[in-house]
Amino acid sequence: MRASWININTATAPPPRSGASLAYDHNSQSVILFGGLAGGHGLNDTWSFDGTNWRELNPRRRPSPRHSSPMAWSPRGSHLVLLNGIRSQPTGGGAARRGISMSNLHDTWVFDGKEWEEVRPSQYPSYAQQALTTDPGSDLVVAFGGLRAGPKTLIGVIWPKEPGLKPFIDETWVFDGSVWEKRVPQLRPPARNFATMAPHPRGSGVVLFGGQCDRRPGVDDRWLNDTWVFDGKEWEEVRTPTAPSPRTQPALTYNPIVGRCVLFGGTGHLDDDRLVDLTDTWVFDGKDWVRALTESDPSPRRAVAMTYDEMSGQVVLFGGREHPWPSTPLNDTWILNIEEESNPTP
């Protein structure tokens, strides 16, 4: 399958950032971008992309500054839903000793195309760095995985304050537009954070790929490249003949025109355990992964924002960050064109 990434030179654009939230909003019929991380600071601006240009919105209320907040469309609520996230700010004295103070946010916000509103459900998945997407079969938003952490510090991610609790999560939650419900399937993917999810190509269920897990007995690799499908009740692993390399923080969306999920980038590692940002593009048809033959690619990056623009019928990619840390975040906009391979006439 052939594909080409096209860099769009827009008249205006959001400032550079990584870890931003991006999803298609059916109310405004545009792609909505929120927040992200730049210069050690979390952001809380809201932007709209109409397929050609970006425009900053000015809602009266908005979530607090944050990054790594998954966002998806809720058909039952008729709004976008934004889940949790991380608050960041620079610390230290001078550039040589500069660090970043991070704390976890535990809240749910919805956006109706014009205004943000906080939802206060009685229970919710209070973790960081979950995967989130929409199940078109049930019209529910599905969340999976993440990291266990207290509301004030990320230290709880590595050293849980309660003995016996592991930092990585394997829980499945669904959101109906106003209420979160925890599901307990018999089989589920291994616990992980920074995985990615998208609607399944068959039109019902969701696809989960990759992420980062805890050290496992006899396995040195903490980066994953397994593929799982959730049908609304149970998880099932799809053992594909081929697959993208193990990675964390890739981007995944579903393109209904070609009937496939599209995956881009993320961070993997070399044999000597050095981290490397990726720039490959893969498509998933529900049974197997195929690497797209691309004529041009965005630069290697992670924490990129990507979604499918239903109005223009194209995959949109924005920003991200290149390794190593700290590096300057990006604010380029890319569009993906995919060419279906025609079957030769027998």
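Scroll up to find the structure.
Basis of the calculations
Residues numbered from 1 in each chain as written. Predicted model: local features only at pLDDT ≥ 70, side-chain atom pairs only at ≥ 80, totals over all residues. Heavy atoms only, no water. Phe/Tyr/Trp six-rings, centres within 6.5 Å; stacked < 30°, edge-to-face > 60°. Helix = DSSP H or I, 4+ residues; strand = E, 2+ residues; numbered from the N terminus. Buried < 20%, exposed > 50% of the residue type's maximum accessible area, 1.4 Å probe, protein only. Salt bridge = Lys/Arg side-chain N within 4 Å of Asp/Glu carboxyl O. Pairing = 2+ DSSP bridges. Core = buried A, V, L, I, M, F, W, Y, C linked by side-chain atoms within 4.5 Å. Contact = heavy atoms within 4.5 Å.

### Section: the packing of aromatic side chains
And step 1. As enumerated under the stated definition, the model contains 10 aromatic pairs in all.
And step 2. Seen from their ring centres, W5 and F264 are 5.4 Å apart, and the 65° between their planes marks the pair as edge-to-face. Taken together, the positions of W5 in strand β1 (residues 2–8) and F264 in strand β19 (residues 260–269) put the pair 259 residues apart, joining distant regions of the chain. A single burial state applies to W5 and to F264, both of which are buried.
And step 3. Ring centres of F49 and W54 lie 4.8 Å apart, and the angle between their planes is 35°; this geometry places the pair in the tilted category. W54 carries the same exposure label as F49, and that label is buried.
And step 4. Taken together, the ring pairs in this structure connect F34, F111 and W116 into an aromatic cluster.

### Observations concerning the pattern of salt bridges
And step 1. Counting across every chain of the model gives 12 salt bridges.
And step 2. R17 is the partner of D45 in a salt bridge, and the nearest nitrogen-oxygen pair spans 2.7 Å. With D45 in strand β4 (residues 41–49) and R17 in the loop between β1 and β2 (21–25), this pair connects stretches of sequence that are 28 residues apart.
And step 3. Judged by its relative accessible area of 12%, D45 falls in the buried class.
And step 4. Exposure remark for R17: the relative accessible area of 1% places this residue in the buried category.
And step 5. One salt bridge connects R60 with E115, and the closest N-O pair in it is separated by 3.4 Å. Here the residue R60 occupies a position in the loop between β5 (54–57) and β6 (71–74), and E115 occupies one in the loop between β8 (99–111) and β9 (116–119), the gap between them amounting to 55 residues.
And step 6. Residue E115 is classed as partly exposed on the basis of its relative accessible area, which comes to 23%.

### As for the pairing of strand β10 (residues 131–135)
And step 1. When you tally the buried positions in β10, you get five out of five residues, the bulk of the element.
And step 2. The sheet contact formed by β10 and strand β11 (residues 140–144) spans five bridges and is antiparallel. Of the residues in β11, the one forming a bridge with D135 is L140.
And step 3. From the end of β10 to the start of β11, which pair antiparallel, there are four residues, and D139 there has a positive phi angle of about 65°.

### Focus on the nonpolar core
And step 1. Membership of the largest hydrophobic core comes to 17 residues, with the highest contact counts inside it found for W5, F264, M306, V315, L317, L336 and I338.
And step 2. Secondary structure elements with two or more residues in this core: β1, β19, β23 (305–309), β24 (314–320) and β25 (330–339).
And step 3. With three residues, β25 is the single largest residue contributor to this core.
And step 4. Sequence-distant contacts of V315, defined by excluding residues within four places in its chain, comprise W5, T253, N255, M306, T307, Y308, W334, I335 and L336.
And step 5. Counting 13 residues, the second largest nonpolar core, distinct from the first, contains V81, L132, A143 and I169.

### Re the sheet that holds β23
And step 1. Taken together, five strands build an open sheet; the order of strands is β22-β1-β25-β24-β23 and the sheet is mixed. Among the strands making up the open sheet, the edge pair consists of β22 (293–294) and β23.
And step 2. When β1 meets β25, the two strands line up antiparallel, connected through seven bridges. By the bridge assignment for β25, N7 is matched with W334.

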